[in-house]
Each structure stands twice: as C-alpha cells, then as structure tokens.
Amino acid sequence: MTEQRPRVRGRAARALLGAGAAWLAATALPAQAAEELTLYTTREPALIQPLIAAFSAQSNIKVNTVFVKDGLLERVKAEGARSPADVLMTVDIGNLMDLVDGGVTQPVKSAALESAIPANLRGADGQWFSLSMRARVLYADKSLPLTSFRYEDLANPKYKGKVCIRAGQHPYNTALVAALIAHDGEAKAEQWLRGVKANLARKATGGDRDVARDILGGICDVGLANSYYVGQMKSAKEGTDARKWGDAIKVVRPTFANAKSGGTHVNISGAAVAKNAPQRANAVKLLEFLVSEPAQALYAQANYEYPVRKGVALDPIIGQTIGELKVDPLPLTEIAKYRKQASALVDKVGFDQ
Ligand SMILES: [Fe+2]
C-alpha cells in the first residue's frame, strides 16, 4: 500500500495551494474559525494537506487532521462514543468495508455525492464513498504486440515462466481475485490462481514497481500492477532506476473474459462519515468538496489517480500511457463480499510459497 510522496503541480493545484495559503495567513490571526471537523486518514500528508487547505479556505471550516498509519478501525472503535473523528479516510475497498462492518460509520444522503460518484463506487446506503480510483493494469515488455488483454489470459500456458506479480495476499491482488470469483465463480478463480502460479518467472513478492523492474531486467514479460505507479515511474528524473523501469513497459487495461461491458478492475481511495461524528454536517461538506472538480483534479495531478467524477482531466502521463478508464461495472460491495474467500484461495494454491 505504499504511496509515493505526491507531486503538486498544474493550474488547479496552484489555485488550491494559493487558496490554502490565503487561509493559512487568515488563521495566523488570533480569530478562530467558527467551525471545525476532525479527519482521520491513512493517506500521505503531502497528498491530503493541499486538499484540506483548499477546503478550509472555501468553507471556513478548520480541519484537525490525524494521520493514522495503522489500526484506524481499532482506534475509532476504542474511542467509542467519545471519538472526535468526523471523517474516516483510507485506501482499498477492503479497509473501507472493515470500517462499515466494524460499525464505526453512518449512512449519509447527499445529492452532490450521489451525482459525482457512480453507484458501483459507493455503499448503497451511503456508508462509504470512493474519492479516487486506481486500475489494476497489465505491465508488458514494450516489444510485445499486445493491444488487448483479459485478466484470465495471465493463466494461459503461453506465458509460462514470463509472469511477475507481487504477493497474492496483498490487498491489491486479493481484491482482484475477489472480482474474478464474482465474475467467474470460485472454481475458475482457483484454476486461474493455479495457472498464474505455474506461469511465475519468480516468487510472487516485492512491490508493483518491481514488475516493471523485472521486465526491464529480462526476468519476465508481463505482470499486473496499479496504474498510478506508471505515472510515478515515467515522471521520475531521467537516468534514475524508476524512470528506466517506467520507460521499459507498455500498459494495457485488462478486461474480464465473461463481462459483457469490458471494464477494468479498479480499487479506490475513499471515505466515510464516522458513526459518532460530533460535526456530522461539516463532515458531509468535506466529502462533497473532495468530489468537486478542483479537488478531483488534484487527486489526478498529485498522485496519478483516476478521478471518480466524470469530465475531470487525467494526468497527461496517465492519459497518454493508459488512457480513459472503462471501469468494471460490478459494484465494489459485491467484489468485497468475496475478499476472505479470495484470501483463502491464495493460501490453498500456495500462491506465495
Ligand atoms: Fe500502492
């Protein structure tokens, strides 16, 4: 779940930072903001701070941000009814569902959130909302004549000894296996895991960027990894390892064999309003701001993520190398139902052994 230090650039970002600086200057005076809220987040401070500054400038709501590295659910649970948390923000559908299942979120009804976020990317009862997306895409050796790819193809024996991927138990991969179970059933998902395992060029370990590294190194030809790493690597300084890895690959957006719509598997960053939020109305205001156009543009520019809101420009590198995303229409809640089953399957086939 590593996140690179995000970059802040572009017109939207400068506007946001300008607004944030104005707010900071204003709050340097003894006068206190009339309103406030508390945000618990597992995300990188450098990504979140410009968003928060812009929100405060626009709303005059002061945000107390608590950066929680691990144990977000445990912390909020332990705080119970006295928790100061208003908004809970994290990455991965599994983590969000854990918050919902752990009983620390509450339902929210908001026309702004519902119109900005497609229905398959939020909880049916407003218990959680996606704020940005990352696609699980194929990294391939540049010389391969690949223009389309199905996730199921990765188990094809023609890729024997040619596949690199991180651990099957990593949430990025268990979410994908859960999606395969949802699409194809458990038996086929197991078969897929066995097929991919048989095709591995090396142990399933390391990180997503290591797929690109090992394609450059001639260890493998193909592998699955997250989309934002492509932006990170291809924008790295000329001559650095990361840049060489990024320049060695081409990227294809895979689809599922049996899915009529031909969409790609995505995971998300998202947020929920805390069950015991002392500032519930302000919490909803923050979520609504985060799916507004300027905030969504910053998600794209600062961390190479896909905006959830339609019509927001992609980062140019992502636009050129991966392109507009057609998202698998299966609701994320449907995928999340199978994540424990997916994790058990990964163990059953000894994927990471
Ligand atoms: Fe990551």
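These numbers were taken from a predicted model, which means no experiment stands behind them. (Residues numbered from 1 in each chain as written. Predicted model: local features only at pLDDT ≥ 70, side-chain atom pairs only at ≥ 80, totals over all residues. Heavy atoms only, no water.)

Novice: Quick question: what am I supposed to make of the pattern of salt bridges here?
Specialist: In this structure the tally under the stated criterion is 17 salt bridges. The partner of Glu79 in a salt bridge is Arg75, with the nearest N and O atoms 3.3 Å apart. Taken together, the residues Glu79 and Arg75, both in helix H3 (residues 72-79) and four residues apart, mark about one turn of the helix. Owing to a relative accessible area of 22%, Glu79 belongs among the partly exposed residues under this scheme. Classification of Arg75 as partly exposed rests on a relative accessible area of 35%. One salt bridge in this structure joins Asp214 and Arg202, with 2.4 Å as the shortest N-O distance. Here Asp214, found in helix H8 (residues 209-216), pairs with Arg202, found in the loop between helix H7 (186-199) and H8; they are twelve residues apart in sequence, far enough to count as distant. A residue is classified by how much of its surface remains accessible, and Asp214, at 4% relative accessible area, is buried. One salt-bridge network, held together by shared partners, links Arg202, Asp210, Arg213 and Asp214. (Salt bridge = Lys/Arg side-chain N within 4 Å of Asp/Glu carboxyl O. Helix = DSSP H or I, 4+ residues; strand = E, 2+ residues; numbered from the N terminus. Buried < 20%, exposed > 50% of the residue type's maximum accessible area, 1.4 Å probe, protein only.)

Novice: Looking at this model, I keep getting lost on the environment of Leu39. Mind explaining?
Specialist: Considering the arrangement of structural elements, one finds Leu39 in strand E1 (residues 35-41). The class for Leu39 is buried, based on a relative accessible area of 0%. Along the primary structure Leu39 and Pro84 are separated by 45 residues, whereas in three dimensions their C-alpha atoms are 8.7 Å apart. Excluding its chain neighbours within four sequence positions, the residues that come into contact with Leu39 are Ile48, Ile52, Val63, Asn64, Thr65, Val66, Val87, Met89 and Leu286. (Contact = heavy atoms within 4.5 Å.)

Novice: Looking at this structure, how should I read the state of the cysteines?
Specialist: Put plainly, two cysteines are in a disulfide when a covalent bond ties their sulfur atoms together. Inspection of the entire model under this criterion finds one disulfide. Across the disulfide from Cys164 sits Cys220; the S-S distance is 2.1 Å. Here the disulfide of Cys164 and Cys220 is left-handed, its torsion about the S-S bond being about -105°. With Cys164 in strand E6 (residues 163-164) and Cys220 in the loop between H8 and strand E7 (222-226), this pair connects stretches of sequence that are 56 residues apart. Residues Cys164 and Cys220 agree in their burial class; the two are buried. (Disulfide = S-S within 2.5 Å.)

Novice: Is there a simple way to think about the domain arrangement of the protein chain in this case?
Specialist: For an interface, size is often stated in terms of accessible area lost upon the parts coming together. Split into domains, the protein chain comes out as domain 1 (10-133 + 266-318) and domain 2 (135-263 + 326-348). Between domain 1 and domain 2, the contact holds 19 residues from the first and 19 residues from the second. Taken together, the two surfaces of domain 1 and domain 2 that pack against each other cover about 1,600 Å², and 68% of this comes from carbon and sulfur. Together, Asn120, Val266 and Tyr304 form the three largest contributors to the area buried by domain 1 at its contact with domain 2, with a combined 34%. Our enumeration of links across domain 1 and domain 2 arrives at two salt bridges. The partner of Arg339 in a salt bridge is Asp98, and the shortest N-O contact between them spans 3.2 Å. The interface formed by domain 1 and domain 2 includes five residue pairs in polar contact (both at pLDDT 80 or more). Secondary-structure elements contributing two or more residues to the side of domain 1 that touches domain 2 are helix H4 (93-101), strand E5 (129-141), strand E9 (266-274) and helix H13 (316-321). (Domains from an automatic or database assignment. Buried area = accessible area lost by both parts, 1.4 Å probe. Polar contact = N/O pair within 3.5 Å; in protein donor to acceptor, adjacent residues only side chain to side chain.)

Novice: Help me understand the confidence of the model for the protein chain, please; the structure alone is not making it clear to me.
Specialist: The predicted coordinates should not be examined in detail at positions where pLDDT is low. In this model, the protein chain carries a mean pLDDT of 91, and residues with pLDDT of at least 70 account for 90%. Ignoring residues within four places in sequence, the model shows residues 22-30, a span with pLDDT below 50, making four contacts including any to other chains. (pLDDT = per-residue confidence, 0-100.)

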